Amino acid sequence: MANIEIDAPGTSQLLIGNEAIARGALEAGIGFAAAYPGTPSSEILGSLAQVAKKIGIYAEWSINEMVAIEAAAGASFAGIRALAAMKQNGVNVVSDFLANLVMTGTGKGGLVLVSCDDPSAISSSNEQDTRPAAKWLDIPLVEPGDFQEAKDMTKWLFDLAEEMGTICMLRSVTRIAHARGNVRLGELPNKPRKAHFEQVHDLRNVMPTTFIPIPSPFRHLLLHIKLDKAREKFESSPFNRYVGPDKPELMIITSGSCWLYSQDAVEALKLKDRVGILKLGTLWPLPERFVIEHMSKSDKVLFVEEIDPFIEGNVVELAGNFPPNAARPVFYGKRSGQINAYGELNPDMVIKAIANILGLTYQPRDIDYSKKAEAAAKSNVPDRTMTFCAGCPHRATFWSIKNALKLDGRDGFVTGDIGCYSMALGPAGFFQVRTMHCMGGGAGVANGLGKLGQFGFDQPVIAVVGDSTFYHATIPALINGIYNQSKFILVILDNSATAMTGFQPHPGTGITAMGEPTKVVSMEALCRSLGAHVEVCDPFDLKATTNTLLKMMTEDGGAKVAIMRRSCELVRIKKEKPPYKVHIDIDKCIGEACGCDRLCTRIFLCPGLVWDKKAGKSKIDEVICSGCGVCVDICPQGAIIREAA
Amino acid sequence: MTSKGCKELISEVIDTKLCALCGACTGNCPYLAYYKGRITLLDNCSKTDEAQCYKYCPRTYIDMNGISQKLFGTSYGENEIGTVKDVLMARAADVSIREKAQYGGTVTALLSLALVEGLIQGAVLTKTSSDKSPAPFLAQNADDLLQCAGSSYMACPVLGRLNQIDKIDCSKLGIVAMPCQVLSIAKMKAEPPQNRVSIGNVKLVIGLFCTWALSPDKFYQFLKENLELANVRKFDIPPPPANRFDVYTASDRSSFPLEQIRQFTMPTCAYCLDMTSEFADVSVGSVEGIEGWNTVIVRTDAGSDLMERAKKKGSLQIDKLPAPNLEHLKEAALLKKKRALNEIVKRSGDKKNLLYLGLSPQLTKKLLA
């Protein structure tokens, strides 16, 4: 990660968008940062935590987004500038708190929520636009269009948040969060604020200690006044700008990374003198006068934005209020079909939309070239499906789950959750996962399934969660399953890390975001204290794990817990040497013959095992094999040999 | 011959409840597994050509005549109780074996002798564990053998254990098997399988008489619900007209009406032709009306050799089987064949489906009459 605390104003640093946001927060004098990891947001808190001790701020990986935003609000109430960062799904989790927070207002410390959306759901369970949340929650919303803006906007947003006395939201997307660009640094403040919770009435910021006597509608009115003030500021914001001819044939209205795509598209089509780009940085409340002023320059408007028609909807709504005989441009975008309302955009898509509207023909590149480029790209990538790493304990766990469910024979199944193990929807986990929704959702769904006995339901239900997901959102579902005696097994894949997002610590790891040792919250002690029957398994012991699951499936009573404890291979490998050296006894390997049919390279599919087609035998890929030795126990011919390394 | 694999095994044999739980398809196959009275397909295997699970299943195509010719040099069906060198009555000379045995202890005595004489190094048997559930077991000494004495009347996939035995470590094996299992072994002997324990290593097949076996899942559940299983010493079905299933504890005997027990019979047993394990080296059963003795059918040279040794070493007390007993045995064996063939026709609705047994037209005609 880049050095975000370098005190060199005026110099440029190469930063990813998330680091630029973190730097912006530092320049704003942030004192408190909290987050729950989630791609593409994780590096914001990650980079802040790295420098927190040195520069005297506090940073934590919270147990979930809800606690992160609440904790940050706490800091704000005591006058400390605070930031909470999360991916799109986190905004859903925190929405109830936000809906109340906007009514009370924040404290004297500015409070900023950073939401990182993942268009195309590259690393997400769902595709979702969080910009509409800002609208329905009455939260001022901005979106940076490049890396410099990511920093500058964040700093500026803290000032705005503090002045308005309400939480403000910065929305980013994967291509800003994870791309890298030059950022000119500003000054870092050197006077830390003193934290104190003021227990006095403050009409500007309706403080939580005094909100009881004030009726909600009045607080709602105050909030709308705040929003109007924000709108007024947005009208003259330097983050909104128009570049293009005075009378463009087509006006593009865009924001964020789509601004970059729009510039590329106009450039590629050589239409700079015919097409103008109105770039918005402040999205909600809409700077109406600014938009109307520029929109009136053209009679054609194209909205270029990813996922939802957020700007499009708000501008069309605005045009709806024009006087009856006023001129209205023709609007192009998602409603008219030129721009998709799903998936990421790219310059090609914008080019196609512009060409379509202006009646141009454009061949982005010749078809042979794109085929060749695709082939060249593929030649550098090993031909394999998305899978768990070699030595991943999840593969072993799902092997045992699969066999236990099959042997049990009652058509049992797995409700899944969010993490690396979501891949068990596919061949990596032998297609075992049947449902996957949100953090903790699998255990919740299992609660319902586990109560259907009276309707003839006797399929065993296994809810699978990761260790971090367990702490994040599964505990209430487990308590419910114990209290309401719902029949399911909660399998916790305890690999001692929030592995999918980059090994962030969680309450089971005994270390804080700032690297301090802390008390481990034991999951088995917690579950046992709730009255659950708890088994702790070593997933690498396939036989014992399978038998434990088989036994638990036949037991009566409510929710049970099976903890699969094995460190994430990527964590282990940094600390220890491989336990085994694994090789194939080619005399014993029968390959495709009856009695094996390539079980290891056809079903088990550890990337450390490869099929030597020519020899008709399996082979260990010594570079990839991590020496876990689990495949030894699945080989029906005893042809895989492990020797202590 | 067959171009079928595990999918067809599941659809044609297991899903249709024709599976005898012999275990032949398990043990060295990673895809098929036995658990609690059921064969399960764990993953899809792509083998179809000569897939051994399908090929050696006693409920798939079987060339009875061909196998009989190969094993005995005689065509199938000439005798109701199969190819016979000798029929005798025997019991273990050792009283301690007889005390533990179901009837006369002949099987235990023969295996014990075969081990001592070095004819076999181990024997795959059914062991009834302390909770009275049957499980396959490799016995390698006299103590092991005694632990396996007695019957639970439940099917047990001993062939799965046979398939697991290392080819090198155990070059001379014995096995005690039910008729369905003996049939599968006969298929293997006629056309030796690949990548499994060499069938040539199986030096001694002792077949048991069987009219039907009980489901190890449902019947075991029934026993568990009705008895304190830890105290059970022995199960027994005394000969007709008793019509009882007896359960002995150390001090007591309780009984269930046989009708109540019959509901737990494996459905597949209704389609089985073989009462006396016709392709074994030696077949052993009870002797109707003569308590504490076994009927012994000697079928092969290996069987004769073993019986000779038993006589010489005094391991067995041997006597002639009374003629009426032999007649009755033949009647019963023929009745089972007739019943089975008629059941197959009834179920499949077509005599053509009997082709899978490879019986001669004359025999088919005789049995269906």
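Residues numbered from 1 in each chain as written. Chains lettered and ligands numbered in written order. Predicted model: local features only at pLDDT ≥ 70, side-chain atom pairs only at ≥ 80, totals over all residues.

## Here's the deal with the overall build of chain A
Move 1: Along the backbone of chain A there are 20 helices and 24 strands.
Move 2: By its C-alpha atoms, chain A is 80 × 70 × 60 Å across when sized along the principal axes. (Helix = DSSP H or I, 4+ residues; strand = E, 2+ residues; numbered from the N terminus.)

## Some points on the overall build of chain B
Move 1: For chain B, the helix and strand inventory stands at 13 helices and 13 strands.
Move 2: Seen through its C-alpha atoms, chain B measures out along the principal axes to roughly 50 × 50 × 45 Å.
Move 3: When each of the 369 residues of chain B is scored for burial, the buried share is 48%.
Move 4: Residue pairs at least 24 apart in sequence account for 70% of intrachain contacts in chain B once pairs closer than 6 positions are excluded. (Buried ≥ 20, exposed ≤ 12 C-beta atoms within 10 Å, placed from the backbone. Contact = placed C-beta atoms within 7 Å.)

## A closer look at the interface of chain B and chain A
By a frequent convention, interface size equals the accessible area lost on bringing the separate parts together.
Move 1: Contact with chain B, which involves 18 residues of that partner, is made by 14 residues of chain A.
Move 2: Of all elements in the fold, only β1 (32–35) and β2 (38–41) of chain B reach the threshold of two or more residues within the side of chain B that touches chain A.
Move 3: Looking at side-chain class alone, the side of chain B that touches chain A contains seven nonpolar, six polar and five charged residues. (Nonpolar A, V, L, I, M, F, W, Y, C, P; charged D, E, K, R; others polar.)

## Quick word on the nonpolar core
Move 1: Counting residues in hydrophobic clusters, the biggest one holds 115 residues, and the most contacted among them are Cys 53, Leu 110, Ala 123, Ile 175, Val 205, Ile 206 and Val 282 of chain B.
Move 2: Per element, the largest residue contribution to this core is seven residues, and it comes from helix α5 (residues 106–116) of chain B.
Move 3: Once you skip the residues sitting within four places of it in the chain, Val 205 of chain B turns out to touch Ile 175, Ala 177, Val 182, Ile 185, Ala 280 and Asp 281 of chain B.
Move 4: Membership of the second largest hydrophobic core comes to 112 residues, among which are Ala 84, Met 153, Ala 177 and Ile 277 of chain A. (Core = buried A, V, L, I, M, F, W, Y, C linked by C-beta atoms within 7 Å.)

## Description of the sheet that holds strand β6 (residues 173–177) of chain B
Residues and elements named next belong to chain B.
Move 1: The sheet built from eight strands is open, its strands ordered β5-β4-β6-β7-β11-β12-β3-β13 with mixed pairing. The sheet is open, and its two edges are formed by β5 (134–139) and β13 (316–320), each paired on a single side. The sheet shows a mean angle of 30° between the axes of neighbouring strands, taken without regard to direction.
Move 2: As paired strands, strand β3 (residues 86–92) and strand β12 (residues 294–298) are joined by five bridges and run antiparallel to one another. Paired with Asp 86 across the bridge in β12 is Val 298. (Pairing = 2+ DSSP bridges. Axes fitted to C-alpha atoms, helices over the stretch in contact; angles between N-to-C directions.)

## Topic: the confidence of the model for chain A
Move 1: Summary statistics for chain A give a mean pLDDT of 94 and a share of 98% for residues scoring 70 or more.
Move 2: Confidence drops under pLDDT 50 across residues 206–211 of chain A; counting only partners more than four residues distant or on other chains, this segment forms 15 contacts. (pLDDT = per-residue confidence, 0-100.)

## Considering the domain arrangement of chain A
Residues and elements named next belong to chain A.
Move 1: Split by domain assignment, chain A resolves into domain 1 (12–235), domain 2 (241–358), domain 3 (393–572) and domain 4 (580–644).
Move 2: Put simply, the middle of domain 1 and the middle of domain 3, counted by C-alpha atoms, are 33 Å apart.
Move 3: If you tally residues by element for the side of domain 1 that touches domain 3, the top one is helix α2 (residues 42–55), at six residues.
Move 4: Grouping the amino acids of the side of domain 1 that touches domain 3 by side-chain chemistry returns eight nonpolar, seven polar and two charged. (Domains from an automatic or database assignment.)

## Some details on helix α14 (residues 393–408) of chain A
All names here are of chain A.
Move 1: Between its terminal C-alpha atoms α14 stretches 22 Å, which fits the 22 Å expected from 16 residues at 1.5 Å a residue.
Move 2: The buried fraction of α14 is high, at 15 of 16 residues.
Move 3: Phi for Gly 409, located one or two positions after α14, is positive at around 80°. (Expected span 1.5 Å × (residues − 1).)

## A few points about the packing of helix α9 (residues 256–268) of chain A against helix α12 (residues 347–358) of chain A
Residues and elements named next belong to chain A.
Move 1: Here α9 crosses α12 at 55°, and the two axes come no closer than 8 Å. The orientation of α9 with respect to α12, classified from their angle, is oblique. When you trace α9 past α12, the crossing you get is right-handed. Facing Tyr 261, Ser 262, Asp 264, Ala 265 and Ala 268 of α9, the residues of α12 in contact are Pro 347, Val 350, Ile 351 and Ile 354.
Move 2: Taken together, the residues of the contact of α9 with α12 break down into seven nonpolar, one polar and one charged. (Parallel < 35°, antiparallel > 145°, perpendicular 65-115°, else oblique. Left-handed = near helix turned anticlockwise from the far one by under 90°.)

## Digging into the environment of Ala 20 of chain B
Residue and element names in this part refer to chain B.
Move 1: Summarising the element assignment, Ala 20 is placed in the loop between α1 (6–14) and β1.
Move 2: The class of Ala 20 is buried, set by 27 C-beta atoms lying within 10 Å.
Move 3: In this structure, the C-alpha to C-alpha distance between Ala 20 and Leu 214, residues 194 residues apart in sequence, is 10.0 Å.
Move 4: For Ala 20, the contacting residues outside a window of four places in its chain are Pro 58, Arg 59, Ala 155, Cys 180, Met 266 and Thr 268.

## Observations concerning unusual backbone geometry
Residue and element names in this part refer to chain A.
Move 1: Put simply, Thr 39 and Pro 40 share a cis peptide bond, and its omega is 10°.
Move 2: Among the structural elements, Pro 40 can be located in the loop between β2 (32–35) and α2.
Move 3: Across the junction of Trp 284 and Pro 285, the peptide omega takes the value -5°, indicating a cis bond.
Move 4: Note that Pro 285 resides in the loop between β12 (282–284) and α10 (288–295).
Move 5: Although it is not a glycine, Asp 411 sits at a positive phi angle of roughly 65°.
Move 6: Considering the arrangement of structural elements, one finds Asp 411 in the loop between α14 and β15 (413–415).
Move 7: Classification of Asp 411 as exposed rests on a count of 10 C-beta atoms within 10 Å.

## Notes on the confidence of the model for chain B
Move 1: Of all residues in chain B, 99% attain a pLDDT of 70 or more, and the chain-wide mean is 92.
Move 2: Both scores are given for the predicted complex: the pTM is 0.93, the ipTM 0.91.

## Regarding the packing of helix α3 (residues 65–77) of chain A against helix α4 (residues 88–104) of chain A
Residue and element names in this part refer to chain A.
Move 1: Running from N to C, α3 and α4 point in directions that differ by 35°, and their axes come no closer than 8 Å. The way α3 lies across α4 gives a crossing that is right-handed. Across from Glu 65, Met 66, Ile 69, Glu 70 and Ala 73 in α3, the residues of α4 making contact are Gly 90, Val 93, Val 94, Phe 97 and Leu 101.
Move 2: Looking at the contact of α3 with α4, its residues break down into seven nonpolar, one polar and two charged.

## So, the sheet that holds strand β10 (residues 253–257) of chain B
All names here are of chain B.
Move 1: An order of β8-β9-β10 is seen for the three strands of this open sheet, with the pairing classed as antiparallel. Taken across any chain shown, the strands that pair with only one partner, and hence form the sheet edges, are β8 (232–236) and β10. Each strand of the sheet is rotated relative to its neighbour by a mean of 20°, with strand direction disregarded.
Move 2: Two strands pair when backbone bridges link them, and strand β9 (residues 244–249) and β10 are joined in this way by five bridges, in the antiparallel orientation. Within the sheet, the bridge partner assigned to Asp 246 lies in β10 and is Ser 255.

## Details of the pairing of strand β20 (residues 560–565) of chain A
All names here are of chain A.
Move 1: Extensive coverage of β20 is indicated by the burial of five of its six residues.
Move 2: Looking at chain direction, strand β18 (residues 489–494) and β20 are connected through six bridges and run parallel. In the strand pairing of β20, Val 491 is matched with Ala 562.
Move 3: Each parallel crossover has a hand, and for strand β19 (residues 534–537) linked through helix α18 (residues 542–554) to β20 it is right-handed. (Right-handed = clockwise from strand over helix to strand, strands pointing away.)

## Focus: the environment of Glu 78 of chain B
Move 1: Locating Glu 78 of chain B in the fold gives a position in the loop between α3 (64–72) and β3.
Move 2: Residues Glu 78 of chain B and Thr 364 of chain B, 286 residues apart in the sequence, show an inter-C-alpha distance of 12 Å.

## Digging into the environment of Lys 351 of chain B
All names here are of chain B.
Move 1: Looking at where Lys 351 falls in the secondary structure, it is placed in the loop between α12 (323–348) and α13 (361–368).
Move 2: Judged by C-beta crowding, with 13 C-beta atoms within 10 Å, Lys 351 ranks as partly exposed.
Move 3: Counting along the chain gives 17 residues from Lys 351 to Leu 368, while the straight-line C-alpha distance between them is 9.5 Å.

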